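Listed below are the residues making up each chain.
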Amino acid sequence: MERNEYILPIEDIWNITDNKYEALVIIGKEARRIFQVNPQSSDNPVVLAIQRFVNGEIAHEEAEE
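Residues numbered from 1 in each chain as written. Predicted model: local features only at pLDDT ≥ 70, side-chain atom pairs only at ≥ 80, totals over all residues. Heavy atoms only, no water.

Enquirer: Help me understand the environment of R32 in this model?
Expert: Inspection of the secondary structure assignment puts R32 in helix α2 (residues 20-37). R32 sits 17 residues away from A49 along the chain, and the two C-alpha atoms are 8.8 Å apart. (Helix = DSSP H or I, 4+ residues; strand = E, 2+ residues; numbered from the N terminus.)

Enquirer: Help me understand α2 in this model?
Expert: Because an α-helix completes one turn every 3.6 residues, residues spaced three or four positions apart along the sequence face the same direction. When the terminal C-alpha atoms of α2 are compared, their 26 Å separation across 18 residues agrees well with the 26 Å that a helix rising 1.5 Å per residue should span. Along α2, the residues classified as buried are E22, A23, I26, I27, E30, A31 and I34. Buried-residue contacts for α2 involve α1 (10-14) and α3 (45-54). Of the residues flanking the start of α2, the one acting as N-cap is N19, its side-chain oxygen 3.1 Å from the backbone nitrogen of Y21. (Expected span 1.5 Å × (residues − 1). Buried < 20%, exposed > 50% of the residue type's maximum accessible area, 1.4 Å probe, protein only. Contact = heavy atoms within 4.5 Å. Polar contact = N/O pair within 3.5 Å; in protein donor to acceptor, adjacent residues only side chain to side chain.)

Okay, structure coming up:
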């Protein structure tokens, strides 16, 4: 990946869900899963997880209050 691919506007994440903590937990779990599947990958699992979250590739449900 080129360095420019690491730049993602934080607003893209916050527009998906109002709960910022929940978004970070979802991204963290996905990053861990990506790393467990392929720990030898040269791609940053956190960046991949953020990209997947922003692109709607990670299923999540809004927590009810």
